Amino acid sequence: MKFTKMHGLGNDYIYINCLEQSIEEPEILAVQMSRQHFGVGSDGLILIEQSDCADCKMRIFNADGSEAEMCGNGIRCIGKYMYENRIVKKPEIFVETKAGIKKLTLLLEGERVKQVQVCMGEPIWEAKRIPVRMKYSPVAFCPITIGTATFVLHAVSIGNPHGVIFQEELDDEIVQIYGPLLEKHSVFPRHANIEFVKVIDENHIQVKVWERGSGETLACGTGACAAAVVCANCGYTNREVEVQLPGGALQIEWNEKNNCIYMTGPAEEVFEGSYQIRSY
């Protein structure tokens, strides 16, 4: 089986072109291939499939085998893969996801894709649609307790559920200890990505993300969008900000006219390879 490893700001995925080959049990394959040392090593597995309503369809499986609705860094890499492999020959690509059809605008240097802008759609604030079990909707400034620690939670969906928590300083220990506990907290019936956010100024924020099903990652596109719209909604920043993640920076704009979020960032290919599927 052929695959390509790609990343967006260090958020790395294994891509399989299912337009040319078929895959069975992707949930199991994601776990096998994502393992560090014993597999290829990645944050998850992404399948590029045929679509009846777009240029292609994206399916995302986290490193634990769970399927996600959307992946911001992952979808940018699909744009690069589709264009540079000449599957599509136009600088605008439409990708079907579980969170709807997303429009990608490719920023080219010659025949190479250097940056990709993704129209991520509108943020979802309604508690039932995120989903989050809270008495109040939208979920903003809501205390949430884990043991002796209490956090102030903001919740939003960017096609997948997110919990945003502001911190004066981004402490690695807090991310590692409380990220997994918040991800699987009972208020999130489908679990959630957790963003720990520090506001630098009205145009810059810093974010660390604990991703649902993958753990702490170097970057998260939907997480950057979630953090940016919550910051703007609270009046802490402008509607266009640079989001600094451990793996690099993303430009996020929450457009006031159409309410849509636009994410712009790089996509890189690491290597191509072949993998022997193992049976247990």
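Here, the structure is the one placed above.
If you're wondering where the values come from, they're calculated on a predicted model, not measured in any experiment.

**Student:** Just to check I follow, could you spell out the overall build of the protein for this structure?
**Tutor:** Along the protein, the regular secondary structure elements total four helices and 18 strands. For 280 residues, the compact-globule estimate of 2.2 N^0.38 gives 19 Å, and the protein sits close to it at 18 Å. Based on the C-alpha atoms only, the size of the protein along its principal axes is roughly 50 × 45 × 30 Å. Here the protein, with 280 residues, has 54% of them falling under the buried criterion. Intrachain contacts of the protein at a sequence separation of at least 6 include 60% that bridge at least 24 residues. Surface summary for the protein: the accessible area is close to 12,500 Å², and the carbon and sulfur share equals 47%. Separation of charge centres in the protein, based on 27 positive and 37 negative side chains, amounts to 4 Å.

**Student:** I tried to follow unusual backbone geometry on my own but got confused; where do I start?
**Tutor:** Trans peptide bonds make up the majority, and among non-glycine residues the majority have a negative phi. Residue P131 follows I130 across a cis peptide bond; omega there is -10°. Its place among the elements puts P131 in the loop between strand 8 (112-121) and strand 9 (142-146). With a phi close to 60°, L9 is a non-glycine residue in the positive phi region. Relative to the helices and strands, L9 resides in the loop between strand 1 (2-8) and strand 2 (11-17). A relative accessible area of 10% places L9 in the buried class. Its identity as a non-glycine residue notwithstanding, F141 has a phi of 55°, on the positive side. Within the element layout of this structure, F141 appears in the loop between strand 8 and strand 9.

What counts and what doesn't
Residues numbered from 1 in each chain as written. Predicted model: local features only at pLDDT ≥ 70, side-chain atom pairs only at ≥ 80, totals over all residues. Heavy atoms only, no water. Helix = DSSP H or I, 4+ residues; strand = E, 2+ residues; numbered from the N terminus. Rg over C-alpha atoms; globule rule 2.2 N^0.38 Å. Buried < 20%, exposed > 50% of the residue type's maximum accessible area, 1.4 Å probe, protein only. Contact = heavy atoms within 4.5 Å. Areas by Shrake-Rupley, 256 points an atom, 1.4 Å probe, with all protein chains shown as cover. Lys, Arg positive; Asp, Glu negative; His and termini not counted. Charge placed at Lys NZ, Arg CZ, Asp CG, Glu CD.

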